[in-house]
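# Structural overview
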Amino acid sequence: MPTTTFHPDGAALLCDAVPLSDIARAEGTPVYVYSAAAIDRAYAAVDAAFASYPHRLHYALKANSTLAIACRLRRLGSGIDANSVGEIEVALRAGFAPDDIVFTGVGKRDDELERAITLGVHAVNAESRGEIDRIAGMSHARGLRARVALRINPDVDAGSHPYITTGVGSSKFGVPFAQAAALCHEIAANPALHLVGLHAHVGSQILKVEPLQRAAGMLVRLACGLRDAGIVIEHVDVGGGVGIPYDGGPGLSLDAYAAGILSVVRPSGLALLLEPGRVIMAPAGVLLTRVVDIKSRASGADLAVVDAGMTELIRPALYGAYHRIDPIVRRPGGDHLYEIVGPLCETSDTFGKARPMPPLEVGDVLAVRDAGAYGSVMASNYNRRPFAPEMLVEGGCWRTIRRRQTIDELMNLEQ
Ligand code: LLP
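On a predicted model such as this, the values are computed, not experimentally measured, just so you know. Note on numbering: residues in each chain are counted from 1, in written sequence order. pLDDT decides what is reported in this predicted model: residues at 70 or higher carry local features, side-chain atom pairs at 80 or more are listed and counted, and totals for whole chains, interfaces and linings draw on all residues regardless. Heavy atoms throughout the structure, all of them, feed into the side-chain values; hydrogens and water do not.

Comment: elements are numbered from the N terminus, with helices defined as DSSP H or I runs of at least four residues and strands as E runs of at least two. Scanning the chain for helices and strands turns up 12 helices and 21 strands. We take the radius of gyration over the C-alpha atoms and set the globule estimate at 2.2 Å times the residue count to the 0.38 power. Computed over C-alpha atoms, the radius of gyration of the chain comes to 23 Å, within 12% of the 22 Å expected from 2.2 N^0.38 for 415 residues, which places it in the range of a compact globule. Over its C-alpha atoms, taken along the principal directions, the chain stretches across nearly 70 × 50 × 40 Å. Here the term buried applies to any residue with accessible area under 20% of the maximum for its type, exposed to any over 50%, and partly exposed to those in between, with areas from a 1.4 Å probe on protein chains only. When burial is assessed residue by residue, the chain has 54% of its 415 residues classed as buried. Any pair of residues with heavy atoms lying within 4.5 Å of one another is described as a contacting pair. Counting contacts in the chain only where the partners sit at least 6 residues apart, residues at least 24 apart contribute 70% of the total. We treat Lys and Arg as the positive residues and Asp and Glu as the negative residues; His and chain ends play no part in the count. Where a charge lies is defined by one atom per residue type, namely NZ (Lys), CZ (Arg), CG (Asp) and CD (Glu). Each charge class in the chain was averaged separately, 40 positive and 45 negative side chains, and the resulting centres sit 1 Å apart.

It is worth spelling out the environment of Lys 295 at this point. Mapping Lys 295 onto the fold places it in strand β14 (residues 285-295). On the basis of relative accessibility, which here comes to 44%, the residue Lys 295 falls in the partly exposed class. Sequence-distant contacts of Lys 295, defined by excluding residues within four places in its chain, comprise Asp 302 and Leu 303.

The next subject is the packing of aromatic side chains. Classification of ring pairs uses Phe, Tyr and Trp, with its six-membered ring standing for Trp, and accepts pairs whose centres are within 6.5 Å; under 30 degrees between planes counts as stacked, over 60 as edge-to-face, and the remaining range as tilted. Under the definition given, this model contains three aromatic pairs. Both a distance and an angle decide whether a charge sits over a ring: NZ of Lys or CZ of Arg must be within 6 Å of the ring centre and within 35 degrees of the ring normal. If you follow Lys 108 out to its NZ or CZ, it ends over the ring of Phe 103, 5.7 Å from the centre.

For the rest of this paragraph, the subject is the domain arrangement of the chain. When its domains are assigned, the chain resolves into domain 1 (6-35 + 282-411) and domain 2 (36-280). Centre-to-centre, using C-alpha coordinates, domain 1 lies 32 Å away from domain 2. By definition, the buried area sums, over both parts, the 1.4 Å-probe accessible area that each loses when the two are put together. Of the roughly 2,000 Å² buried at the junction of domain 1 and domain 2 (both faces included), carbon and sulfur atoms supply 58%. Here, a salt bridge means any Lys or Arg side-chain nitrogen found within 4 Å of an Asp or Glu carboxyl oxygen. The interface formed by domain 1 and domain 2 contains one salt bridge. Here Glu 394 makes a salt bridge to Arg 72, at a shortest N to O gap of 3.1 Å. In protein, a polar contact means a hydrogen-donor-capable atom and an acceptor-capable atom, both N or O and within 3.5 Å, with residues adjacent in sequence counting only if both atoms are side-chain atoms; elsewhere, any N or O pair within 3.5 Å suffices. Seen at the junction of domain 1 and domain 2, the total is 12 residue pairs in polar contact (both at pLDDT 80 or more). Contributions of two or more residues to the side of domain 1 that touches domain 2 are made by β4 (31-35), α11 (315-319), β20 (390-394) and β21 (397-402). How far each domain reaches was decided by an automatic or database domain assignment.

If you want it as structure tokens, here you go:
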């Protein structure tokens, strides 16, 4: 994975050729900055890793669903994995056709299923017997034949943070493998349903091939058993989950990932769907935030209080996630230890503890790295803080793809 997107030029940190200090000065902080070139390269790298086999990437829109990002993924040739009717509508407005969309998600409401079925999405990744019955009822009532893939819970521990591990038997996702074959037979026997695929997504920020490969192998085994029984499906969908090196290390090799998945999928001849999110968007983005106060402490790291917090990027507070943090202009001088904290009234509102940094002063801007996925999409208005704007750097300049929310907009739903 290329690591050249955010790179120093002397004391200044650039996004491609653009100094981040120019963006912070013109747009204010906090602000998200994404590199178009990095998105394109990451998409191409995942796609190329699977080039030897029929496949399609369905970008997981939940990672970053800003319209301009969705449009860009469409132009790159991606499909979409949507997890709500809101994400389906974003995908449609970005120009995706219904057949480009797979619809996943535990707890889909009737109105969401109806929208997906009447549009005719590529597959509804069905989560349970109850959901299958609801899909069948709606589909039958409209004289349609809904394209359904069954989401399997393979009971595979992906070894990620427990909050984002989804494939263990005790998790809320999918149907147990032991019940899957019987359910597939029922789906196949129902004229209102068309069983097109099998799906599994075992978690996110996964750094080992083995659990991803094991889950894919179970899908293939099930598909082959169905084929022997005369039920022929079109695809296996192995979900997303590829982790990125938040510490700047080597991370999970895309070639090793592809080799692991393809070694089990290739013999089946089934089309392969993948739902990458983080690996495409996380490294392409930074969150710029300005130091608003420095508090020195008698012992331990000094506090650098910044103007972004868990409202803009909740990953550190929610998962204890590590993000590299760099000043966008390095002052001369040796490193000090700083604890980088946000402005919210929560002790968990901390971006990093004991971070070695050159001397910081009030007004300095820091870049929180690898924030392009699960950053802006998970933002909140807690403490009545407006949503931060988002900028896309392309061809040596930047443009606003989402402007900063105003206080009026923050309040205009209220009576
Ligand atoms: N497919 C399904 C069905 C998913 O639930 C997800 C992510 C993906 C694909 C994409 O996974 P990825 O390639 O991005 O790992 N907020 C958390 C991550 C939650 C992931 C949820 N599902 C975080 O900030 O780490």
